[in-house]
Amino acid sequence: MRLAAAALVLAAAGCAEPVARAPVGPELFAVIPGPDGHVGAIVVRSGGTEGTLDRAYAARRIAADGTAGPATLSPEEVRREFGGTLEALPGRPASFTLYFLEGKDELTPASRVELEKVFAELKRRPAPDIVVIGHTDTVGNLAFNDKLSLARAQRLREMMIELGIPSERIQAAGRGKRELLVATDDNTPEPRNRRVEISVR
Amino acid sequence: MRKSWILVLALAAAAPAVASDIGQVKVAKGAVQVEREGKRVAATVGMPVRTADVLVTGADGSAGITFSDNSLVSVGPNSVFAIDKYRFDSTTHAGEFEGSLRKGKLAAVSGKMVKQTPESMRIRTPSSVMAVRGTELVVEVKEPAAAPATR
């Protein structure tokens with residue numbers, strides 16, 4: 001049955017070359033350096049083979065017959081083949097860190113200046129959305145800090161809505177004590193870790 | 001200042017966000033459509049994307065999406081990219097992102113979930129599965145030379 005179907009396709013395509021399975025198009029995978037020069041890694045698994053690409057412009061090609069092999073692209077080839085695609089990548093999210101006055105619902109003077117920068121960044125983007133992410137220091141357990149950090153983020157979110165940001169464009173999240181700005185032992189008060197991050201994207 | 005804000009953001013003219021939104025179209029040039037529940041609609045900047053959406057670009061099209069974990073994905077002309085699976089926990093950064101590039105060109109910058117869990121982002125192609133351990137990459141899937149043009 002499969003043979004008959006394959007023969008039919010071949011006849012229809014007027015193709016002389018017998019193939020054992022449906023033809024695939026050639027594929028190409030490559031790792032490219034980020035704007036800061038950082039190079040990551042990808043793993044490409046095809047059939048029984050696997051290739052890890054972890055150098056700048058390291059590539060892997062899958063031929064039409066399904067065979068996979070390593071390759072290297074030049075920066076020029078990447079520009080030529082993927083220039084338009086890379087150009088369509090959205091702008092990288094920008095991050096701003098703000099602090100509240102100790103025990104108050106009010107931002108520190110420095111953070112009020114930082115908030116102006118957030119608004120300037122919003123103007124630069126075509127359809128901006130915002131995530132407000134709360135962080136705590138390590139005093140207290142995980143669940144307590146998750147809740148506290150979310151409450152802090154929600155408070156700043158409300159403030160930004162009052163300043164005119166449409167509520168559907170702004171979300172709040174709480175990271176608790178999972179992402180410290182300053183590394184400390186557990187149960188250590190550290191004002192620099194009690195912060196709110198605004199991600200504009 | 002307040003007034004200018006409302007103006008700028010009103011221009012984005014986005015549909016209201018709902019819980020199932022996992023990202024937003026940030027760039028749309030030329031012919032770009034989103035296939036959702038069997039219907040195709042023109043993609044616009046600011047449009048929310050959801051799991052199971054399929055992004056389809058024409059010969060002059062390209063588009064870019066920012067996902068909720070800050071992953072960035074763009075596609076070039078004549079491309080078909082499906083978002084098969086997406087979940088992200090903004091507290092723990094645990095998540096999973098599976099997409100398929102059926103044809104065309106794709107560029108991606110991995111986000112917070114990959115930083116937390118390498119290989120949690122995977123892109124399928126007709127012949128392969130690519131697991132992302134970090135940051136920036138490009139993929140191309142050419143159409144089979146001998147096969148009838150299907151997607």
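About the thresholds
Residues numbered from 1 in each chain as written. Chains lettered and ligands numbered in written order. Predicted model: local features only at pLDDT ≥ 70, side-chain atom pairs only at ≥ 80, totals over all residues. Helix = DSSP H or I, 4+ residues; strand = E, 2+ residues; numbered from the N terminus. Contact = placed C-beta atoms within 7 Å. Buried ≥ 20, exposed ≤ 12 C-beta atoms within 10 Å, placed from the backbone. Pairing = 2+ DSSP bridges. Axes fitted to C-alpha atoms, helices over the stretch in contact; angles between N-to-C directions. pLDDT = per-residue confidence, 0-100. Nonpolar A, V, L, I, M, F, W, Y, C, P; charged D, E, K, R; others polar. Domains from an automatic or database assignment. Expected span 1.5 Å × (residues − 1). Bend = angle between axes of the 7 residues up to and from the residue. Core = buried A, V, L, I, M, F, W, Y, C linked by C-beta atoms within 7 Å.

**Student:** Explain the overall build of chain B to me, and be specific about the residues and the numbers.
**Tutor:** A tally of helices and strands in chain B yields two helices and 12 strands. Each helix and strand of chain B, ordered N terminal to C terminal, gives the series α-β-β-β-β-β-β-β-β-β-α-β-β-β. Taking the intrachain contacts of chain B between residues at least 6 apart in sequence as the baseline, contacts between residues at least 24 apart amount to 52%.

**Student:** Tell me about the overall build of chain A, and please be specific about residues and values.
**Tutor:** Scanning chain A from terminus to terminus reveals four helices and nine strands. Listing each helix as α and each strand as β along chain A from the N terminus yields α-β-β-β-β-β-α-β-α-β-α-β-β. Expressed as a percentage of the 201 residues in chain A, the buried residues total 34%. Taking as baseline every contact in chain A between residues at least 6 positions apart, the subset at least 24 positions apart corresponds to 56%.

**Student:** Would you mind going over the sheet that holds strand β6 (residues 94-98) of chain A in detail, with residue names and values included?
**Tutor:** All names here are of chain A. Here four strands make up an open sheet; going across it, the order is β6-β9-β7-β8 and the pairing mixed. If you trace the sheet from one side to the other, it starts and ends with β6 and β8 (170-174), each paired once. Averaged over neighbouring strand pairs, the angle between their axes works out to 20° when direction is ignored. Where strand β7 (residues 130-135) and β8 come together, five bridges link them in parallel fashion. For Gly 134, the partnering residue across the bridge sits in β8 and is Gly 174. Contacts from helix α3 (residues 109-124) reach β6 and β9 (195-200), with the element oriented near 160° to β6. Along the sheet, helix α4 (residues 142-162) contacts β6, β7, β8 and β9; its crossing angle with β8, the most-contacted strand, is approximately 160°.

**Student:** I'd love a proper account of the confidence of the model for chain A, names of residues and values included.
**Tutor:** Averaged over every residue, the pLDDT of chain A is 89; residues scoring 70 or more account for 89%. Low confidence marks residues 1-20 of chain A, where pLDDT is under 50. Its contacts with residues over four positions away, or in another chain, come to three contacts.

**Student:** If you had to explain the interface of chain A and chain B to someone new, which residues and values would you point to?
**Tutor:** Taken together, the contact pairs 54 residues of chain A with 55 residues of chain B. It is helix α2 (residues 75-87) of chain A that contributes the most residues to the side of chain A that touches chain B, six residues altogether. Class assignment of the residues belonging to the side of chain A that touches chain B gives a composition of 33 nonpolar, 11 polar and 10 charged.

**Student:** Describe the domain arrangement of chain A, listing the residues and the values that go with them.
**Tutor:** The domain boundaries assigned to chain A delineate domain 1 (19-87) and domain 2 (94-200). For domain 1 of chain A and domain 2 of chain A, the distance between their C-alpha centroids amounts to 39 Å.

**Student:** I'd like a rundown of α2(A), residues and numbers included.
**Tutor:** Residues and elements named next belong to chain A. In this model, α2 (13 residues) spans only 15 Å end to end at C-alpha, well below the 18 Å of a helix rising 1.5 Å per residue. In α2, a bend of some 60° at Glu 81 exceeds every other bend along the element. Among the residues of α2, those classed as buried are Val 78, Phe 82, Thr 85 and Leu 86.

**Student:** Please set out the pairing of strand β10 (residues 121-124) of chain B residue by residue, giving values where relevant.
**Tutor:** Residue and element names in this part refer to chain B. Side-chain alternation along β10 places Met 121 and Ile 123 on a buried face and Arg 122 and Arg 124 on a face that remains uncovered. Note that strand β9 (residues 95-109) and β10 share four bridges and pair parallel. Within β10, the position partnered with Gly 99 by the bridge is Ile 123. In the sheet, β10 pairs with strand β11 (residues 128-132) via four bridges, with the strands oriented antiparallel. Bridge pairing in β11 places Ile 123 opposite Met 130.

**Student:** Please set out the nonpolar core residue by residue, giving values where relevant.
**Tutor:** Counting 56 residues, the largest nonpolar core has A:Phe29, A:Ala30, B:Ala63, B:Leu106, B:Leu137 and B:Val139 as its most contacted members. Beyond its immediate stretch of four places on either side in the chain, B:Ala63 contacts A:Ala88, B:Val25, B:Val27, B:Ala28, B:Val32, B:Ala43, B:Leu55, B:Thr57, B:Ser74 and B:Val75. Counting 18 residues, the second largest nonpolar core, distinct from the first, contains A:Val131, A:Leu150, A:Ile165 and A:Ala172.

**Student:** Before we move on, can you summarise unusual backbone geometry with the specific residues and values?
**Tutor:** All names here are of chain B. Located in the positive-phi region is Asn 70, a residue other than glycine, with phi close to 75°. In this fold, Asn 70 is placed in the loop between β6 (62-67) and β7 (72-75). Here Asn 70 falls in the buried class, since 22 other C-beta atoms lie within 10 Å of it. Residue Thr 135 is not a glycine yet carries a positive backbone phi of 40°. Assessed through the 21 C-beta atoms surrounding it within 10 Å, Thr 135 is described here as buried.

**Student:** Got a sec to walk through the environment of B:Val114? Specific residues and values, please.
**Tutor:** Examined against the element boundaries, B:Val114 turns out to sit in helix α2 (residues 112-116). The contact partners of B:Val114, leaving out residues within four places of it in the chain, are B:Ser120, B:Met121, B:Val132 and B:Gly134.

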